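Coordinates in review
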Amino acid sequence: MPDPGEGLLEAELVAWRVTEGQTIEVNDVLVEIETAKSLVELPSPFAGTVTALLVAEGTTVEVGSPIVEIEDGEEDGEEAAPNLVGYGASDSTSTRRRRRGRGADESSSASEALSAAYSQHEPGRRTDQVQPAATVNAQPEGDPLPTPGRAPAESQLVLASEAGSVKAKPPVRKYAKDLGVDLTGVSGTGPDGTITRRDVEAAAAFRYLDEQPREGRIINDNASFQAGPSTGPREEPRSHAGTSFSGSNFGGGFGPTEGLGGFDPFEGRAERRIPIKGVRKLTAENMVRSVKTHVHVTEWTTIDVTGTMEFVERLKERREFAGLRVSPLLIYAKAICLALGRNPDLNTSWDEERQEIVYYRDVNLGIAAATPRGLMVPNIKAAQRLSLLELCQAINRLVQVSREGKLQPGDYARGTFTVTNVGVFGIDAGTPIINGDESAIFCMGAIQRRPWVVGEGSSERVEPRSVTTLAVAFDHRIIDGEQGSRFLHDVGSILAEPAMALLY
């Protein structure tokens, strides 16, 4: 088990991509592993035949532990050649064998030369004791190895419509049928795009959220923000994907078991336990560390964002934004970037070791997202440099990649400020925990239609307006109440009247 480049000590083996007895080539994918940050495919450093899979799927393996045996068809006696970058050198004695088809003399001389080149000499105490490495004239043999492809500059999204035919095992197909999930609209995160049980559950959860009454939700249509009392008959609780959901009775895990076609996740027991690993383990560790190190202070303000909602509707009609999902999150993100430009103390971190406050030039804006793998915080690099259209495109890409479970380590590295949105669940506000080593986090609340006093003096009146509560939590070691309050006021001013952005 190599370190996939994240500096981790262990990883979970998710799925084998090969079977015992299968013939493989160099760089063929052997296995898919899940670290605390991402899903990674491991290539083979050797060509040959898989003779043994040493670790079962679902097992957590320490880096450096053997996981597979490969017979490369060589004879004993030849030193092992260096393997792929990232796998590291082996500490054990090599058991690789000489390649067949070469003469004994040629094989012996090549082996001796190679051994001499890689032999370890005791360091000399004088310059005349230095032993230079022997020269080896290597000759190409066999077919050339495939050239590596170009690494993508950013995470690549594979849409469901491009994924080809549906790949899912019979039990997963039955599970999807029981939940009413159409597999043709689901992108698989398993081997070769195979749809897993987790993918089906995620699709059902997303569809449930889309079908819920959209009071205060930050989504793509103005009707979603109408939270007035219903004048029609009370609607019976909706059954979604074969599962009974009714208001707050939905508590995650798909609620009552009678709506799951007889499936009982407790299997008749009074409780069930799941291992703490992967994203949940990393999230827990980060939250505990944040609470122990940051001095959290939270401030709120309630404002009228009718101007923002009207601006969002105008943007939807613009030709430049055609095909993009435009939501209030876009205006929030832009307002935050502008406010951080005037209040740079909130785009910082505390360096305990060097006793310094680190100010960041760029705003790497993290957006907390509920993904099929759990809570993730990917970020948009240098968000303050993007135009409104570019920022909208970046948010759309981030949301799509998150939903597809295709986030890569680079997507959530080096964040400097985070936005979390509890408004999508109809919650007014919250006291968020600062993410990682950042110094502040912004919380979006639900946008709801409420009575609001507008006008002044004799023209003062009460009107229904779109109202929300904004909150910011910051580290009081770095940020005083003045800086935190000014930042929140600046964000609120832009959201109340988007034209104010021209002054920033």
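Within any chain, residue numbers begin from 1 and follow the written order of that chain's sequence. Predicted model: local features are reported for residues with pLDDT of at least 70 only, side-chain atom pairs are reported and counted for 80 or more only, and whole-chain, interface and lining totals are derived from all residues. For the side-chain quantities, the full set of heavy atoms in the structure was used; hydrogens and water were omitted.

So, the pairing of strand β19 (residues 448-454)
Using the following cut-off: Criterion used throughout: strands pair if DSSP finds at least two bridges between them. Going along the chain from the N terminus, every DSSP run of H or I of four or more residues is numbered as a helix, and every run of E of two or more is numbered as a strand.
Summarising the sheet, β19 and strand β20 (residues 461-475) pair through 7 bridges and their orientation is antiparallel. Bridging across to β20, W452 finds its partner in E463. Where β19 folds back on β20, the antiparallel hairpin that results is connected by 6 residues, among which G455 adopts a positive phi of roughly 80°.

Some remarks on helix α5 (residues 306-316)
Think of an α-helix as turning once every 3.6 residues; residues three or four places apart then point the same way. The cut-off we apply is this: Remark: exposure states derive from per-residue accessible area (1.4 Å probe, protein chains only) relative to the maximum for the residue type, with buried under 20%, exposed over 50%, and partly exposed in between. Contact between two residues is taken to exist if any of their heavy atoms lie within 4.5 Å; hydrogens are not considered.
Turning to α5, its buried residues number three or more, namely T306, G307, T308, M309, V312 and L315. Buried residues along α5 sit against β10 (296-304), α6 (328-342), α7 (388-403), β20 and α8 (481-496).

Details of the sheet that holds strand β4 (residues 39-43)
Applicable threshold: Lines fitted to C-alpha atoms define the axes, with helix axes restricted to the stretch in contact, and inter-axis angles between N-to-C directions lie between 0 and 180 degrees.
Here 4 strands make up an open sheet; going across it, the order is β4-β3-β1-β6 and the pairing antiparallel. Each end of this open sheet is capped by a strand with a single partner; those strands are β4 and β6 (60-62). Sheet twist, expressed as the average angle between the axes of neighbouring strands with direction ignored, equals 45°. Pairing geometry for strand β1 (residues 10-16) and β6, over 3 bridges, is antiparallel. When the bridges of β6 are listed, E10 appears paired with E62.

Things to note about the pattern of salt bridges
Stated precisely, the cut-off is as follows: Take a side-chain nitrogen of Lys or Arg and a carboxyl oxygen of Asp or Glu: if they are within 4 Å of each other, that pair is a salt bridge.
Enumeration according to the criterion identifies 19 salt bridges in this entry. In this structure, E32 engages R17 in a salt bridge whose closest nitrogen and oxygen atoms are separated by 3.6 Å. Residue E32 is located in strand β3 (residues 29-34), and its partner R17 is located in the loop between β1 and β2 (23-24); the two are separated by 15 residues in the primary sequence. Exposure remark for R17: the relative accessible area of 16% places this residue in the buried category. R342 serves as the salt-bridge partner of D490, at 3.8 Å between the closest nitrogen and oxygen. In this pair, D490 is assigned in helix α8 and R342 in helix α6, connecting sequence segments 148 residues apart.

Quick word on helix α2 (residues 170-179)
Threshold: This arc describes the spread of directions from the helix axis toward the C-beta atoms.
Those residues of α2 not exposed but buried are V172, Y175, A176 and L179. Each buried residue of α2 lies within a common arc of 100° when the element is viewed along its axis, so the set occupies one face. Residues of α2 that are exposed and point more than 90 degrees away from the buried face comprise P170, K174 and K177.

Some thoughts on unusual backbone geometry
For A382, which is not a glycine, the phi torsion comes out positive at approximately 50°. Structurally, A382 can be placed in the loop between β16 (379-380) and α7. Unusually for a residue other than glycine, R414 sits at a positive phi of about 65°. The topology assignment puts R414 in the loop between α7 and β17 (417-421).

Overview of the environment of E438
Spelled out, the test is: We call two N or O atoms a polar contact when they sit within 3.5 Å, provided that within protein one can donate a hydrogen and the other can accept it, with sequence-adjacent residues counted only if both atoms are side-chain atoms.
Mapping E438 onto the fold places it in the loop between β17 and β18 (440-444). Note: C-alpha distance between E438 and T418 (20 residues apart in sequence) is 8.1 Å. Excluding anything up to four places from it in sequence, E438 contacts H294, T348, G415, T416, F417 and T418. At a separation of 2.8 Å, a polar atom in the side chain of E438 contacts the side chain of T418.

Digging into the side chain of N396
Examined against the element boundaries, N396 turns out to sit in helix α7. Its relative accessible area of 13% is what places N396 among the buried residues. Ignoring sequence-local partners within four residues, the contact set of N396 consists of L324 and R325.

Points about the nonpolar core
It is characteristic of soluble globular proteins that their nonpolar side chains tend to be buried jointly. Definition in use: As used here, the term nonpolar core means buried Ala, Val, Leu, Ile, Met, Phe, Trp, Tyr and Cys residues forming a set that is joined through side-chain atoms within 4.5 Å.
Ranked by size, the top nonpolar core spans 46 residues in total, and within it L330, F442 and F487 carry the most contacts. Elements represented by at least two residues in this core include exactly α5, α6, β13 (365-367), α7, β17, β18, β20 and α8. Among the elements that line this core, the one with the most residues is α6, at 10 residues. Among all residues touching F442, those that are not within four sequence positions of it are Y332, I336, F417, T418, V419, T420, L470, A471, V472, F487, L488 and V491. With 16 residues, the next largest nonpolar core counts W16, V40, I67 and V68 among its residues.

Quick look at the packing of α6 against α7
Applied cut-off: Oblique is the label for every angle not falling under 35 degrees (roughly parallel), over 145 degrees (roughly antiparallel), or within 65 to 115 degrees (roughly perpendicular). A clockwise turn of the near helix away from the far one marks a right-handed crossing, whereas an anticlockwise turn of less than a right angle marks a left-handed crossing. Under the scheme applied, nonpolar residues are Ala, Val, Leu, Ile, Met, Phe, Trp, Tyr, Cys and Pro; charged residues are Asp, Glu, Lys and Arg; polar residues are all the others, including Gly.
Running from N to C, α6 and α7 cross one another at 120°; their axes reach a closest spacing of 10 Å. Relative to α7, the element α6 is oriented oblique. The handedness of the crossing between α6 and α7 is right-handed. Along the contact surface, α6 presents L329, L330, A333 and K334, while α7 presents L388, L391, C392 and I395. Partitioned by chemical class, the residues of the contact of α6 with α7 number 7 nonpolar, no polar and 1 charged.

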